[in-house]
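This is what each chain is made of:
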Amino acid sequence: MRQHEIKTMTNKLPVFFEIVFLGLNPIEHKSEGLIVLLSDTINALQKQGVLVRIHTTGRHIKSIKRVLGGNNVDIQKVSFLVYKVEAITLVLIHFLLHRGRSKVYEQKSGILKNIKNKLSDTLRIVIPRIFTWSLDLSPLNIWFKVPLNLGLILGLTILICILFLATLILLFPILIIKIGLRLINKLQGFVFAKRKNIPRHLLGVLKKTYNAKNRLVQFLQWQIYTKEQIRFAKKINANKDIKKLFFFTAFDGFVVSHFKGSSLVTLPDFITLVYPLRFIAAHNKDTLEGMRLSIKNAKAVICYSEFVKMEQLYKFFPKEVENQRVEVIPQGYFPTLETSNHKKEEAGKKLNEKRSYIINPFTSLLLNPPVVDFTQFNFLLYPTIDRPHKNTLNLVKAFTKLLREYNFNIKLVLTTPHPSRDVEQFILEQRLQYDVIFMPSVDLETLDLLCEKSSLVVHPSLAEGGDVFNFSRAASTKTPALLADVQVVREMFEREGLSKDDYDDWVFDPIDVDSLFEKIKKTLLNPEKIIENQYAYSKKLSIYSFDDMARRYLKLYESI
Amino acid sequence: MVQGSIKLALILPELYRGGTLRGAKNIAKMLMLGSITAGVRLELSFGHLYDTSLYHDSDFEDLKELGIKVRPFKREVISSAHIDIVFDYLKKTSQGKKADTYWSFNDGVANFEDCDFWIIVSDRLQHPIPPHRPFAVIVYDYIQRYVPEIFGLTPKTDGNWMQYDAYAKATRGAQFVICTTNQTRLDCINYAGVNHERVYKFPMEFDSLNIQSKPIVKNSEVPPYLLWTTNSTQHKNHINIILGLEHYFKNYPESEIVVYMTGIYTNLFTSKEDSDKHYFDEYPRKVRETIASCPQVKKRLKIWGNLSDEIYLDKLINAYGILHGALYDNGTYSIVEGAWFGVPSISSDYPAIRESCENFSLKPVLFNPRNPKDLAKSLQVFVSNHSQIIDSLPTQERLIERTYSKMAGKYWDSFIAAYEATRD
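Conventions used here
- Residues numbered from 1 in each chain as written.
- Chains lettered and ligands numbered in written order.
- Predicted model: local features only at pLDDT ≥ 70, side-chain atom pairs only at ≥ 80, totals over all residues.
- Helix = DSSP H or I, 4+ residues; strand = E, 2+ residues; numbered from the N terminus.
- Contact = placed C-beta atoms within 7 Å.
- Rg over C-alpha atoms; globule rule 2.2 N^0.38 Å.
- Buried ≥ 20, exposed ≤ 12 C-beta atoms within 10 Å, placed from the backbone.
- Domains from an automatic or database assignment.
- Pairing = 2+ DSSP bridges.
- Right-handed = clockwise from strand over helix to strand, strands pointing away.
- Axes fitted to C-alpha atoms, helices over the stretch in contact; angles between N-to-C directions.
- Parallel < 35°, antiparallel > 145°, perpendicular 65-115°, else oblique.
- Nonpolar A, V, L, I, M, F, W, Y, C, P; charged D, E, K, R; others polar.
- Core = buried A, V, L, I, M, F, W, Y, C linked by C-beta atoms within 7 Å.
- Expected span 1.5 Å × (residues − 1).
- pLDDT = per-residue confidence, 0-100.

Some words on the overall build of chain A
Part 1: Helices and strands together make up the secondary structure of chain A, namely 21 helices and 13 strands.
Part 2: Of the contacts made within chain A by residues no fewer than 6 positions apart, 78% connect residues no fewer than 24 positions apart.

So this is what it looks like as structure tokens:
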């Protein structure tokens, strides 16, 4: 739809681009790809005079405003319809568990840590004060402080004795159980034909119970979330003016199936089904059912790439998609910027002011986050939130080779909030805590500065739903970018007329660390040609902007 | 036929060195070279357990030179509850393939899920492969079918047999099974219960050590010795061999021959106390007792333990003969390696050895491994006809025809035939 037509419509009556923003858990990180894309879409729609309205619940609203605001969306210009249908139980469970998308990223609640910190802070201040006060003897207070101190010493002695006894009483049954298990273990060699290790079996049972508990919690969460979605859909149905909804993910299938109007659903990807062994803890029936319902009941479906449409959507949900309208709308590209070596140096200085973003994920090796001066070293940048398919480990391995075998003065900057387990183990084993820098949830300005200052942006991810943002983000600031040679990347380049020969120097085999290392080394040593070619190509790409992408969304939205 | 390209992963789920590692590397090389000849674009990943104390980058340089990706991984046991959800929902798993737990090979990248097909070396799969992954298993032998002692015959060792049953179950889940001898193929079908249409015999290659570059420099000053290539496991039949040697030395006291035993853990058979935990195991103790009771053997047997490849080859070149005395297995490379250097062999007689002899045109003196007197008799034949036996050895030109580079085409054809025939 053309811009003047939209304006005409909005003059008659306020027509909204209605977006549903739900999710099992509120979004934590503003740098999630989906959120970045949604923000760019909203901004582009608003630029075209389209009114955007977000439908959500009371438990999501705070995080939505935070993450959209963090991506430069003017929250004041967005309408919000907040339905009081939120499941309180989910708020509680989320508060207690604070779980990520996969077991690899599972994090414990910060409540206990906070309580512990506060308690230890209090004790650190209070105890020395009491101690110094009681030792401060003078003729004026000696008459009461001496008996008080004696009383305190006596009281403390009694307290220590009581604590000691209590510990013994508590430990005794554990000791008895341990001895008992050991005896059973010894006995079984004589009694049982099979040499089974009973304690190990008991541990196994306990582990299974723990896993079962986790799965039970997960099951309950999804069941409750399903009910919440249905309540949510009914509330929307009550408003007869709302005839269309846009879903930026496919997880809210129960809303789609219960909504009486037309739904336009985006299907970013089905990565957990492509690499099921990498996403063990992410699998559950309800997520799959949600996706199935979304595909089946939507009026139209958007994929970001032909690759996801053909290789994932048609492969995993052939029946649901059989008579479905599926449109591929690629993501927009960033406009190219004028940059220079001087600007890059300036970026380094500015980044030094953003050092508070650096975190310390390796508390066993570092007291504080690493101290860095961005003007003094080169760095590789991988802007992403680490997930099992993001292939960060191979990048860290290639980086290690560069640093340790070829002695480059270089660091690796990751914008993920936490390393995946594999990456964490590797960094710990190799003692890379000073050279792999974590800068999570940076604002867009800092991200742009990082891109501009970095020597090279590397995107080794095995799969993406659509085009790789990082390419145009880097190329547009004259920073070279290397991408994994995967289908979605090839599609991005070939869609705009490049041949394999044109982009062969920009891609690497993501499985092969050596291939990645060689390409990085080659690019670092001779970046000029790649920068020139990528910048030229980026200029060409930027003809298709986020505004163009939003226009296509809008056209499809209007047509359903 | 496979068109365009194919992605394969060759995975060693256990820590292997020595023959099994070399064998697996040879398979990888044969697949790579074979695919090039066939004009198929093969992307081959070689997966091994991550263990920096056992494996070094240099161990796999030869694979990398051929364009094979080397991917160390950590083994993980995953609960079926997680993975079955997906494939039940998508209706892509059959009930028969399900188990409580599966193995996942976590390489920190794609867990080998980027590959179209996995080849597992060998069948020691303590947990099944996830049911959505098509795979083949390479099986070397089922020694326990013929020598059950190696798994133990007391109630205490029943766990070993249960473990074997788990291996067999996992093997039955494979798309197809690869063997290198007819005998093992029959064992797969009739012992492990694999569908006969899914068990294939692939060509047997020979290139277990880097022998082609080894110059043959014989040292004539050393006394004649038999190189007894073995290891410490029971199917290697040490007691019968020692008794047979004792017979021989008693009957032919004028013989100058001495025997040098080499192989992994064979130091457990020496009388010197060893800190290794296996030292007190029943079988090594029995072997030590047997040696102690045989005065001639005690005098003429020297146990070297495990030797490096380099030293082993030096000892092999100068040997009077190779002694191979196993009760049963998938054959041995040592008699072929001996033939390369003009060293003849005396070997126990069992099906896989006969197949090996046929494959490599070898004519070793064979003996009944369960009859010590037959060994003594055959050894006398071996000594009396030594020069004629050397003359009957195949030439190096003939043996070269069986090296991995020459066998690659045949190996690839066999693989593709099995792959295509068993695709679901």
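What follows continues from the structure just given.
Observations concerning the overall build of chain B
Part 1: Regarding its fold elements, chain B presents 16 helices and 14 strands.
Part 2: In terms of overall size, chain B behaves like a compact globule, its C-alpha atoms giving a radius of gyration of 23 Å where 424 residues would be expected to give roughly 22 Å.
Part 3: Residues counted as buried form 44% of the 424 residues belonging to chain B.
Part 4: For chain B, contacts bridging at least 24 residues in sequence account for 70% of all contacts bridging at least 6.

Observations concerning the domain arrangement of chain B
All names here are of chain B.
Part 1: Along its sequence, chain B is organised into domain 1 (5-205 + 403-421) and domain 2 (225-400).
Part 2: Measuring from the centre of the C-alpha atoms in domain 1 to the corresponding centre in domain 2 gives 31 Å.
Part 3: With 17 residues of domain 1 at the contact, the number on the domain 2 side is 15 residues.
Part 4: Contributions of two or more residues to the side of domain 1 that touches domain 2 are made by helix H1 (18-38), helix H4 (143-146) and helix H6 (182-190).
Part 5: With three residues, H6 is the largest single contributor of residues to the side of domain 1 that touches domain 2.

Some details on the pairing of strand E4 (residues 244-247) of chain A
Residues and elements named next belong to chain A.
Part 1: Looking at chain direction, strand E1 (residues 16-20) and E4 are connected through two bridges and run parallel. Counted as the bridge partner of Ile 19 is Phe 246 from E4.
Part 2: Traced from E4 through helix H8 (residues 253-258) to strand E5 (residues 262-266), the parallel crossover comes out right-handed.

Description of the sheet that holds strand E13 (residues 345-348) of chain B
All names here are of chain B.
Part 1: The six strands are arranged E11-E10-E9-E12-E13-E14 in an open sheet whose pairing can be described as parallel. Bordering the open sheet on either side are strand E11 (301-305) and strand E14 (365-367), each of which pairs with just one other strand. On average, each strand axis in the sheet is tilted by 25° relative to the strand beside it, whichever way the strands run.

Looking at the sheet that holds strand E8 (residues 199-201) of chain B
Residues and elements named next belong to chain B.
Part 1: Taken in spatial order, the eight strands line up as E4-E3-E2-E1-E5-E6-E7-E8 in an open sheet, and their pairing is mixed. Each edge of the open sheet is held by one strand with a lone partner, namely strand E4 (101-106) and E8. Neighbour to neighbour, the strand axes of the sheet diverge by 30° on average, direction disregarded.
Part 2: Summarising the sheet, strand E1 (residues 5-12) and strand E2 (residues 41-49) pair through eight bridges and their orientation is parallel. The partner of Lys 7 across the bridge, within E2, is Glu 43.
Part 3: Sitting on the sheet, helix H3 (residues 80-89) is in contact with strand E3 (69-79) and E4, with an inclination near 100° to E3.

Focus: the packing of helix H11 (residues 306-316) of chain A against helix H17 (residues 487-495) of chain A
Describing two packed helices takes the angle between their axes plus the distance from one axis to the other.
Part 1: Contact pair H11(A) / H17(A): the axes reach a minimum separation of 9 Å and the direction vectors enclose 145°. Facing H11(A), whose interface residues are Glu306(A), Phe307(A) and Glu311(A), H17(A) presents Gln487(A), Val488(A) and Glu491(A).

Structural notes on unusual backbone geometry
Part 1: Following Val121(B), the chain continues into Ser122(B) via a peptide bond in cis, with omega recorded as 0°.
Part 2: Here Ser122(B) is to be found in the loop between strand E5 (117-121) and strand E6 (135-138).
Part 3: For Arg431(A), which is not a glycine, the phi torsion comes out positive at approximately 55°.
Part 4: Mapped onto the secondary structure, Arg431(A) falls in the loop between helix H14 (421-430) and strand E10 (436-438).
Part 5: Using a count of 10 C-beta atoms within 10 Å as the deciding quantity, one classes Arg431(A) as exposed.
Part 6: Residue Lys478(A) is not a glycine yet carries a positive backbone phi of 60°.
Part 7: Residue placement: Lys478(A) occurs in the loop between helix H16 (469-475) and strand E12 (481-484).

With respect to the packing of helix H7 (residues 238-251) of chain B against helix H8 (residues 282-293) of chain B
Residue and element names in this part refer to chain B.
Part 1: Two numbers describe how H7 lies on H8: the axes approach to 10 Å, and their chain directions differ by 5°. Taken together, H7 and H8 sit at an angle that is classed as roughly parallel. Residues His 238, Ile 239, Ile 242 and Leu 243 of H7 pack against Lys 286, Val 287, Thr 290 and Ile 291 of H8.
Part 2: For the contact of H7 with H8, a count of residues per class yields five nonpolar, two polar and one charged.

Looking at the nonpolar core
Residues and elements named next belong to chain B.
Part 1: Formed by 187 residues in total, the largest nonpolar core has its most connected members in Leu 10, Ala 28, Leu 31, Ile 119 and Val 177.
Part 2: In terms of residue count, the dominant contributor to this core is helix H16 (residues 404-421) (eight residues).
Part 3: Residues contacting Ile 119, with those up to four places away along its chain left out, are Leu 8, Leu 10, Ile 11, Phe 135, Ala 136 and Ile 138.
Part 4: In this structure, Val 297, Tyr 320, Phe 360 and Leu 393 belong to the second largest nonpolar core, which totals 43 residues.

Observations regarding the pairing of strand E8 (residues 378-382) of chain A
All names here are of chain A.
Part 1: Across the five residues that make up E8, a large majority, four, are buried.
Part 2: Between the parallel pair E8 and strand E9 (residues 410-414), the chain is carried across by helix H13 (residues 392-405), and the sense of this crossover is right-handed.
Part 3: As paired strands, E8 and strand E11 (residues 456-459) are joined by two bridges and run parallel to one another. By the bridge assignment, Leu 380 is partnered in E11 with Leu 456.

Remarks on the interface of chain A and chain B
One widely used convention gives an interface's size as the accessible area the parts lose upon coming together.
Part 1: Residue-level contacts link 25 residues of chain A with 25 residues of chain B.
Part 2: At the level of elements, helix H7 (198-238), helix H10 (285-297) and H13 of chain A are the ones that each hand at least two residues to the side of chain A that touches chain B.
Part 3: In terms of residue class, the side of chain A that touches chain B is built from 12 nonpolar, five polar and eight charged.

What to know about H7(B)
All names here are of chain B.
Part 1: If you check H7, its first and last C-alpha atoms are 20 Å apart, about what 14 residues at 1.5 Å a residue would give, namely 20 Å.
Part 2: Residues His 238, Asn 240, Ile 241, Ile 242, Gly 244, Leu 245, Glu 246, His 247, Tyr 248 and Phe 249 constitute the buried set of H7.
Part 3: Contacts made by the buried residues of H7 are with strand E10 (258-262), H8, helix H9 (295-300) and helix H13 (372-384).

Observations concerning the confidence of the model for chain B
Part 1: Averaged over chain B, the pLDDT score is 89; the fraction of residues at 70 or greater is 93%.
Part 2: Scored by ipTM, the complex comes to 0.73, with pTM at 0.76.

Topic: the confidence of the model for chain A
Residues and elements named next belong to chain A.
Part 1: On average, residues of chain A score 85 in pLDDT, and 87% of them are at 70 or above.
Part 2: Within chain A, E11 carries the highest mean pLDDT (97), whereas helix H1 (residues 3-12) carries the lowest (41).
Part 3: Confidence drops under pLDDT 50 across residues 1-13; counting only partners more than four residues distant or on other chains, this segment forms 14 contacts.
Part 4: pLDDT under 50 marks residues 99-109. Its contacts with residues more than four places away, or in other chains, come to 22 contacts.

Re the environment of Phe176(B)
All names here are of chain B.
Part 1: Tracing the backbone shows Phe 176 in strand E7 (residues 176-179).
Part 2: Spatially, the C-alpha atom of Phe 176 lies 9.5 Å from that of His 196, the residues being 20 residues apart in sequence.
Part 3: Once residues within four sequence positions are removed from consideration, Phe 176 is found in contact with Ala 136, Arg 198, Tyr 200, Ala 418 and Thr 422.

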